[in-house]
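One-letter residues, chain by chain:
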Amino acid sequence: MLVDALFLQMGYNATLVTLGAGLLGFAAGISGTFLFLRNRALLSDAISHATLPGVALAFLLMVALGGDGRSLPGLLAGSAVSALLGLLCVNALVRHTRLNEDAAIGAVLSVFFGFGVVLLTVIQTLPQGRQAGLESFLLGSTAAMLWADALIIAGGGAAVVVLALLFRRPFLLVAFDAAYARARGLPVARLDLLMMGLVMAITVVGLKIVGLILVVALLIVPPVTARLWTDVAARVVWLSGIFGASAAYVGAAISATAPDLPTGPIIVLVSFVVFVVSLLLAPSRGVLAAWLRYRRFQKRIHIRQGLLALAQGHPIYERLTLRLLVAAGWARGDGVATDDGMGYAARALRDEARWTALRTDNRFEAAAAMYDGVRDIDTVLTSDQIAEIDRRIAETPA
Amino acid sequence: MLRVVQSQANDTTADPAAPLSIRGLTVSYGQKPAVFSVDFTARAGRMTAIVGPNGAGKSTLLKAVLGIETAVAGQVRVFGADLSMQRHRVAYVPQRASVDWDFPTRVIDVVLGGLYRELGLLGRVRKHHMDYARDCLSRVGMEEFEGRQIGQLSGGQQQRVFLARALAQNADLYLLDEPFAGVDAATERAIVAVLKGLKAEGRTVIVVHHDLSTLRDYFDDVWLISTRRVAEGPVKEVFTEANLRATYGGRLAPAQIDMLSRQDG
Ligand SMILES: Nc1ncnc2c1ncn2[C@@H]1O[C@H](COP(=O)(O)OP(=O)(O)OP(=O)(O)O)[C@@H](O)[C@H]1O
Ligand SMILES: [Mg+2]
């Protein structure tokens, strides 16, 4: 059944939701990257929680005007207005009081959300309120998505992607070095506002599918995951979009396989799985790679130290060192060097002297930066450079 | 006995197109002015040092010139026009870059940031951009670090990367806030060579500088500041015992002042 869902064979509604979620995930991953890199991740949580009273008030307003209150465009418009209000409140609190941004976020988030919950309770008591299903905006749902709803999500998501990619260069410049951006005349405040506007749009558009409580995960988990894989900001942006899209697509497909599975939490769990896998396996920042690197390095350190000890006729203290030397055929079990071992030991000692000379010579700064105590010097210098170092060693009186 | 020698209004003061001219500038944090009603004029194609004790307002002066801090009063003209018209001709290296050191950016990406104006929103980074950025890196001796993540450099190396970014901007007026802080002697020599190279190309270089013993070697002009302007003019004329006393008050040991002002008799 999951396979059916993944290949969009679960019927019209599930197909709409799955595709919509995938696109939303892509847009959220892309725009979330800028938020994350600007160290503003939590602000999106305030924005999303601030949508709730807007949804409820929009419903009440539409009912009061004689509609049935459930029109998605109306509800989303309401949510956008109150999200914007929440954002402005956070900004105003930070600017005009001594509150830090995190305190301001906490205050706005809880007050808006609390107010929204009160309104939802009131709506429950109304005759039109019971089937309204506004609670589904909390955690998202795949039930009863209309073609028009899907279009809103697709259109909103696409617009966000276009704007985010259009402005990625100034966004990244501001995120990396806001003072420099300001000195170069970039409109930093306006760029920040635009970035928050994109996040707001994602939140509003994503309400239906992931719900307001968890949309923050869609914005933040993908960039955090992507960051594990690369040190280049432009690649973080794209990877984050891809991770977000896959998690949302798969998550929505899973939730379509059973009637009561809420979409938002499943998507979040899927993206968490992607995160954990990345944390373990990513090549440079992953835990496994780091551990392997450390073990390899440790071995090389032991071997090098062992060789230096052999060369200078010092005893070998550590078991691991001896074991590694014996395994390489450079020492016997009692710690005496083999002929082979003597050769390598002499080389290690000569390299050591060269490194020492190199590190005091400014011309070799970049090479010296590679110094880790174990590297053979011919892996970083050309033979000409080594000859030059040797000349220097010969010149310096011992 | 404290006689403050204000340099005579030199003829460049009137230069309408001076690279930088500051009139009556006051910048205040809260109610406490960090820079009070100062006038300075930079002369084209020269190296000027801004000198004064800690907290004298040197960094603040540069930030106000760049519009990073808002001035309470005063006028700043860059090449005879408003800064907004001339921004592309001004490059700035801050005292301490306030960046996120874990940011996913390599050394070469930082330098390419200097080409922001040229690349625009969507322009692709092409080979000649890369070559140019590499050239700027090699001018500060950092070409072999281009692939490093920026946080994996020492403080002095980071400093040079930001200098390379400023070079990439290809500006006419360079404002540097203590580029020699925390760098070793060899690096300092390398940076000075770069700055003198800029000067030789006719560009104007203004540097906040703390080391009074190298002032004469490196700079043509000096601005002495201690919240207020103390003096400005050619180093030879302005760098005198009286002016130093007026700038530093009791902060310089008498022996130090004696030595410095006697340095080249
Ligand atoms: N962001 C700020 N908020 C409040 N006061 C500030 C701020 N920045 C600087 N100041 C104050 O303004 C004055 C001038 O500071 P500024 O950084 O311009 O000094 P400086 O001459 O560059 O000193 P240094 O040699 O230590 O770099 C100081 O008294 C400082 O305490
Ligand atoms: Mg300063």
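Here the structure is a predicted model, which is why all the values come from computation and not from measurement.

J.: Tell me about the overall build of chain B, and please be specific about residues and values.
T.: Tallying secondary structure elements over chain B gives 11 helices and nine strands in all. Residues classed as buried in chain B amount to 51% of the 265 residues present. Taking contacts inside chain B between residues at least 6 apart in sequence as the whole, the part at least 24 apart equals 69%.

J.: An account of the pattern of salt bridges is needed here, citing residue identities and associated values.
T.: Inspection of every chain in the model, using the stated rule, returns 21 salt bridges over all chains. Close ionic contact of Asp231(A) with Arg227(A) constitutes a salt bridge, the shortest N to O distance being 3.0 Å. For Arg227(A), a relative accessible area of 5% corresponds to the buried category. Linking Asp334(A) and Arg332(A) is a salt bridge whose minimum nitrogen-to-oxygen distance equals 3.0 Å. Judged by its relative accessible area of 44%, Arg332(A) falls in the partly exposed class. Within the structure, one salt-bridge network assembled from shared partners comprises Arg227(A), Asp231(A), Arg285(A) and Asp102(B).

J.: How would you explain the site of ligand 1 if you had to name every residue and give the values?
T.: All names here are of chain B. Around ligand 1 sit 14 residues, and of these Gly55, Lys58, Ser59, Thr60 and His210 come closest. The separation between an oxygen atom of ligand 1 and a polar side-chain atom of Asn54 is 2.9 Å. In the environment of ligand 1, an oxygen atom lies 2.4 Å from a nitrogen or oxygen atom belonging to the side chain of Thr60. For ligand 1, whose unbound accessible area comes to 640 Å², protein coverage reaches 61%.

J.: How would you sum up the sheet that holds strand β2 (residues 32-42) of chain B? Please name residues and give values.
T.: Residues and elements named next belong to chain B. Taken in spatial order, the three strands make up an open sheet running β2-β1-β4, and their pairing is antiparallel. The open sheet has two free edges, formed respectively by β2 and β4 (73-78), since each of these has just one partner strand. Mean inter-strand twist for the sheet, computed between neighbouring axes without regard to direction, equals 25 degrees. For strand β1 (residues 20-29) and β2, the ladder comprises seven bridges, and the chain directions are antiparallel. Following the sheet pairing, Val27 is matched in β2 by Val35. Lying over the sheet, helix α1 (residues 58-65) contacts β1, β2 and β4, oriented at roughly 115 degrees with respect to β1.

Cut-offs and rules
Residues numbered from 1 in each chain as written. Chains lettered and ligands numbered in written order. Predicted model: local features only at pLDDT ≥ 70, side-chain atom pairs only at ≥ 80, totals over all residues. Heavy atoms only, no water. Helix = DSSP H or I, 4+ residues; strand = E, 2+ residues; numbered from the N terminus. Buried < 20%, exposed > 50% of the residue type's maximum accessible area, 1.4 Å probe, protein only. Contact = heavy atoms within 4.5 Å. Salt bridge = Lys/Arg side-chain N within 4 Å of Asp/Glu carboxyl O. Near = heavy atom within 4 Å. Polar contact = N/O pair within 3.5 Å; in protein donor to acceptor, adjacent residues only side chain to side chain. Areas by Shrake-Rupley, 256 points an atom, 1.4 Å probe, with all protein chains shown as cover. Pairing = 2+ DSSP bridges. Axes fitted to C-alpha atoms, helices over the stretch in contact; angles between N-to-C directions.

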